[in-house]
Amino acid sequence: MNFLLRVWRQKNRQSRGKLVDYEVHDISPNTSFLEMLDILNENLLRRGEEPIAFDSDCREGICGTCSLAINGEAHGPDHPGAVCELYMRKFRDGATITVEPFRLGAFPIVKDLVIDRSALDRVVQAGGFISARAGSAPEANAIPIPKHDADLAMEAAACIGCGACAAACPNGSAMLLNIVQVMDAEGFGNCTNTYECEAVCPAEISASFIAKLNREYARARFRRSMGQ
């Protein structure tokens, strides 16, 4: 398969960026999107040109670092899934594909397709997330938590922290992940129930968790206004 890629190139945060056209040829339909970018970078290096900077780590849809907008859509057209799980067979042969970083003020560009997502990290940290060695699995009957509640908690905890929800949201809201005051301080917006976050989430996290947060936040503000 052959493709025309329009890739965002930007030297650093202070420089002006632009879309640059690149052609890639003889790409297998079973090649992942990031592998295709690897092939393009190898070709650029052979020509003595600077490779395209982009983030990746696990390439298994777990780490959330491969945060790209493909043709204006967070993580591309194959939902649910991260960019590293997107394969070139999802595009027609000869297609023009636009590749950009997530467009969000809270995610400033570092270089090319690399963004600084540390604001999202601070939001998560404000929630008191910890890592702790918990030992082996406890006896199920000894856990005083109904299975339904435990399963629901696991669904909410499936977030990989990629930021696609905030990138896709018209308000730039990070409410799927946030502690509200920190979210506001970092420049994220508020939820207005457009459900774009749910549509692009690689982990298929339901927007119902955001609705629950909105309700609890509204109750807390009311109690505070009443002096409780």
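None of the values given here were measured: they were computed from a predicted structure.

Visitor: Can you walk me through the overall build of the protein in this structure?
Guide: Along the backbone of the protein there are seven helices and seven strands. Each helix and strand of the protein, ordered N terminal to C terminal, gives the series β-β-α-β-β-β-β-β-α-α-α-α-α-α. Partitioning the contacts of the protein with sequence separation of at least 6, the portion at a separation of at least 24 is 61%. With an accessible surface of roughly 13100 Å², the protein has 49% of that area assigned to carbon and sulfur atoms.

Visitor: I would appreciate a short explanation of the pattern of salt bridges in the present structure.
Guide: Any two side chains of opposite charge can pair if their charged atoms end up close together. Taken as a whole, this structure holds eight salt bridges when the rule is applied. The salt bridge partner of Arg 47 is Glu 49, with a shortest N-O separation of 3.0 Å. You can call Glu 49 partly exposed: its relative accessible area is 36%. The salt bridge partner of Glu 100 is Arg 103, with a shortest N-O separation of 3.1 Å. Judged by relative accessible area, which is 18%, Glu 100 ranks as buried. Note on Arg 103: relative accessible area 40%, which makes it partly exposed.

Visitor: Explanation requested: the sheet that holds strand S1 (residues 3–9) in the structure shown.
Guide: In any sheet, the strands associate via hydrogen bonds between backbone groups, in a parallel or an antiparallel arrangement. Pairing within the open sheet is mixed, and its five strands lie in the order S2-S1-S5-S3-S4. Taken across any chain shown, the strands that pair with only one partner, and hence form the sheet edges, are strand S2 (18–24) and strand S4 (73–74). Judged from the two bridges that link them, strand S3 (residues 68–70) and S4 form a sheet pairing that is antiparallel. Residue Ile 70 lies in a different strand from S4, and its bridge partner there is Glu 73.

Visitor: What's the story with the environment of Gly 64 in this structure? I'm lost.
Guide: Within the secondary structure, Gly 64 is located in the loop between helix H1 (33–46) and S3. For Gly 64, the residues in contact, after removing those within four places along its chain, are Arg 117, Ile 160, Gly 161 and Cys 162.

Visitor: For this particular structure, what's the right way to read the pairing of strand S5 (residues 96–101)?
Guide: Within a regular strand, side chains alternate between the sheet's two faces. Burial within S5 is extensive, with five of its six residues counted as buried. One ladder, built from three bridges, connects S3 with S5; its direction is antiparallel. Opposite Leu 68, over in S5, you have Pro 101 as the bridge partner.

Visitor: When you look at the nonpolar core in this model, what are you seeing that I'm missing?
Guide: In summary, soluble globular proteins display a tendency toward joint burial of nonpolar side chains. Within the largest apolar cluster, 47 residues are counted, with the highest numbers of intra-cluster contacts made by Phe 3, Leu 5, Phe 33, Ile 97 and Phe 188. Residue assignment for this core shows that the elements contributing at least two residues are S1, S2, H1, S3, S5, helix H2 (118–126) and helix H4 (164–168). By residue number, the principal contributor to this core is H1, which donates six residues. Each residue touching Ile 97, except ones within four places of it in the same chain, is listed here: Phe 3, Leu 4, Leu 5, Arg 6, Phe 33, Ile 70, Asn 71, Met 88 and Phe 91.

Visitor: Help me understand H1, please; the structure alone is not making it clear to me.
Guide: Because each turn of an α-helix spans 3.6 residues, side chains separated by three or four positions in sequence point in the same direction. End to end, H1 covers 20 Å across 14 residues, agreeing with the expected 20 Å (1.5 Å per residue, within 8%). Those residues of H1 that fall on the buried side of the exposure criterion are Phe 33, Leu 34, Met 36, Leu 37, Leu 40, Asn 41 and Leu 44. Looking straight down H1, one finds its buried side chains confined to an arc of 150 degrees; they lie on one side. Facing away from the buried side of H1 by more than 90 degrees, the exposed set consists of Leu 45 and Arg 46. The elements touched by buried residues of H1 are S1, S2, S3 and S5. Trailing H1 by a residue or two, Gly 48 shows a phi angle of about 80 degrees, which is positive.

Parameters at a glance
Residues numbered from 1 in each chain as written. Predicted model: local features only at pLDDT ≥ 70, side-chain atom pairs only at ≥ 80, totals over all residues. Heavy atoms only, no water. Helix = DSSP H or I, 4+ residues; strand = E, 2+ residues; numbered from the N terminus. Contact = heavy atoms within 4.5 Å. Areas by Shrake-Rupley, 256 points an atom, 1.4 Å probe, with all protein chains shown as cover. Salt bridge = Lys/Arg side-chain N within 4 Å of Asp/Glu carboxyl O. Buried < 20%, exposed > 50% of the residue type's maximum accessible area, 1.4 Å probe, protein only. Pairing = 2+ DSSP bridges. Core = buried A, V, L, I, M, F, W, Y, C linked by side-chain atoms within 4.5 Å. Expected span 1.5 Å × (residues − 1). Arc of directions from axis to C-beta.

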